[in-house]
Amino acid sequence: MRAAVLKRTTNLLENKSPLELIDLPVPVPREREVLLKVLVCGVCHTELDEIEGRTPPSKFPIIPGHQIVGRVEQRGSKASKFKAGDRVGVAWIHSSCGKCKYCRTGMENLCDEFKATGRDVDGGYAEYTTVPEEYAYRIPEVFSDAEAAPLLCAGAIGYRSLRLANIQDGDNLGLTGFGASGHLVLKMVMYKYPRTKVYVFSRTEAEQRFAMELGAAWAGSAEEQTPEKLQAIIDTTPAWGPVVEALKNLEHGGRLVVNAIRKEEADKSELLKLDYPRDLWMEKEVKSVANITRRDVEEFLQMAAEIPIKPEVREYGLEEANQALLELKERRIRGAKVLRISR
Ligand SMILES: [Zn+2]
Ligand SMILES: [Zn+2]
């Protein structure tokens, strides 16, 4: 099968073709796994973190990609959840131990043996992939393949970060950064918390305008003071500056949820601007969101189908994976990027 693989971590600005297209044997599903023929695979900012070593793969070469929509091609001897031909999705969580205290209480996202699709186990930048059937999800009919792919990561983790933000209908919510996850969160909020006002912080006027078009109550830069205080803020930026800037806008007892797998080191000195009385006093909280659970993916797909949420997507061929990654890095094109691998 054709697969785009990463052989070592590298700097994308120096090496513009980090992935190599090679030929590999089709994987064989284990007992409780299914073999999927990959239809599409989304391109995610986390791939940049893998390639550049901020969350390095645990094996090389690795096939990246964790927003997979595929058709069940073959089942392992003890797999029975799906039948051949079913259209299913695979997300960031590829598997977990199933036995530890986290796994037993629905917090498998925190499992010490958490395995990430495309980082610890081969992912979807290939014609075929395998996944334990319990970690695959039926894709609602209402979505095209390409529409469903970004929902599996940006959507599901956005859903988790909104759960962790713990707001009530009518509470003000801030979003720092307005990429794929941010715009999906805005749509979820408008559906689930219709009285909540969403405040969007973004560096670019284009993103600010886009946020207002989609229904944000306010959009501005991270340095600005919002006209009202915010009960919670979800941060999806790779930087530190916006996190520090955002804290001054929180209500007493408010919570900032950092939805980023790693922060870039470049502006770490911004943390020194943290002002305790202004930014943290009065029981303000900072919390990260780590990975996702199967429940997050399932509940989110269902909600996204009800709303419905249909992300703006642009398709690339598998051989254009490097170009898609570079465009993501340079933030040149708005909307989610998806590799079309088969039909
Ligand atoms: Zn992702
Ligand atoms: Zn576990």
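Criteria and cut-off values
Residues numbered from 1 in each chain as written. Chains lettered and ligands numbered in written order. Predicted model: local features only at pLDDT ≥ 70, side-chain atom pairs only at ≥ 80, totals over all residues. Heavy atoms only, no water. Donors = N, O, S within 2.8 Å, 3.2 Å for Na, K, Ca; no water. Helix = DSSP H or I, 4+ residues; strand = E, 2+ residues; numbered from the N terminus. Buried < 20%, exposed > 50% of the residue type's maximum accessible area, 1.4 Å probe, protein only. Pairing = 2+ DSSP bridges. Axes fitted to C-alpha atoms, helices over the stretch in contact; angles between N-to-C directions. Parallel < 35°, antiparallel > 145°, perpendicular 65-115°, else oblique. Left-handed = near helix turned anticlockwise from the far one by under 90°. Contact = heavy atoms within 4.5 Å. Patch = residues over 30% accessible without salt bridge, like charges linked within 9 Å, V, L, I, M, F, W, Y side chains within 5 Å. Areas by Shrake-Rupley, 256 points an atom, 1.4 Å probe, with all protein chains shown as cover. Salt bridge = Lys/Arg side-chain N within 4 Å of Asp/Glu carboxyl O.

Draft legend 1. Local environment of the coordination of the zinc ion (ligand 1). Of the protein atoms, only Cys44 (SG), His66 (NE2) and Cys153 (SG) coordinate the zinc ion (ligand 1), at distances of 1.9 to 2.2 Å. Each donor residue of the zinc ion (ligand 1) lies on the same chain, and together they follow the pattern C-x21-H-x86-C. In this pair, Cys44 sits in the loop between strand E3 (33–43) and helix H1 (45–51) while Cys153 sits in helix H3 (residues 145–165), placing the two residues 109 residues apart along the sequence. For Cys44, a relative accessible area of 11% translates into the label buried.

Draft legend 2. Quick peek at the pairing of E3. Counted residue by residue, E3 has 10 buried out of 11 residues, so it is predominantly covered. Pairing between E3 and strand E8 (residues 128–132): five bridges, direction antiparallel. Bridge pairing in E8 places Leu36 opposite Thr129. Sheet topology places E3 next to strand E4 (residues 68–75); seven bridges connect them, and they run antiparallel. Looking at the pairing, Lys37 lines up with Arg71 of E4.

Draft legend 3. A look at unusual backbone geometry. Phe60 connects to Pro61 through a cis peptide bond whose omega is -10 degrees. Here Pro61 is to be found in the loop between H1 and E4. Each neighbour pair has its own omega, and for Ile307 with Pro308 the value is -20 degrees, a cis peptide bond. Tracing the sequence through the fold places Pro308 in the loop between helix H8 (294–306) and strand E16 (313–317). One non-glycine residue with positive phi stands out, namely Met282, at about 70 degrees. Structurally, Met282 can be placed in the loop between helix H7 (276–280) and strand E15 (285–288).

Draft legend 4. Structural detail: the packing of helix H4 (residues 180–192) against helix H5 (residues 205–214). For the pair H4 and H5, interaxial distance at closest approach is 10 Å and the crossing angle is 20 degrees. Regarding the angle of H4 to H5, the classification is roughly parallel. Handedness of the crossing formed by H4 with H5: right-handed. From H4, His183, Leu186, Lys187 and Met190 reach across to H5, where they touch Phe210, Ala211 and Leu214.

Draft legend 5. Representation of the coordination of the zinc ion (ligand 2). Around the zinc ion (ligand 2), the donor atoms from the protein are Cys97 (SG), Cys100 (SG), Cys103 (SG) and Cys111 (SG), and they sit 2.3 to 2.4 Å away. Counting gaps between the donor residues of the zinc ion (ligand 2) yields the pattern C-x2-C-x2-C-x7-C. Placement of Cys100 in the loop between strand E6 (93–95) and helix H2 (101–104) and of Cys111 in the loop between H2 and strand E7 (115–116) is noted, with a sequence separation of 11 residues between them. Overall, the relative accessible area of 22% leaves Cys100 in the partly exposed class.

Draft legend 6. View of a nonpolar patch on the surface. A contiguous nonpolar patch, built from Tyr276, Trp281 and Met282 and spanning about 350 Å² of accessible area, is present on the exposed surface. Structurally, Tyr276 is set in helix H7. With a relative accessible area of 52%, Tyr276 lands in the exposed category.

Just geometry here; none of it tells us what the structure is for.
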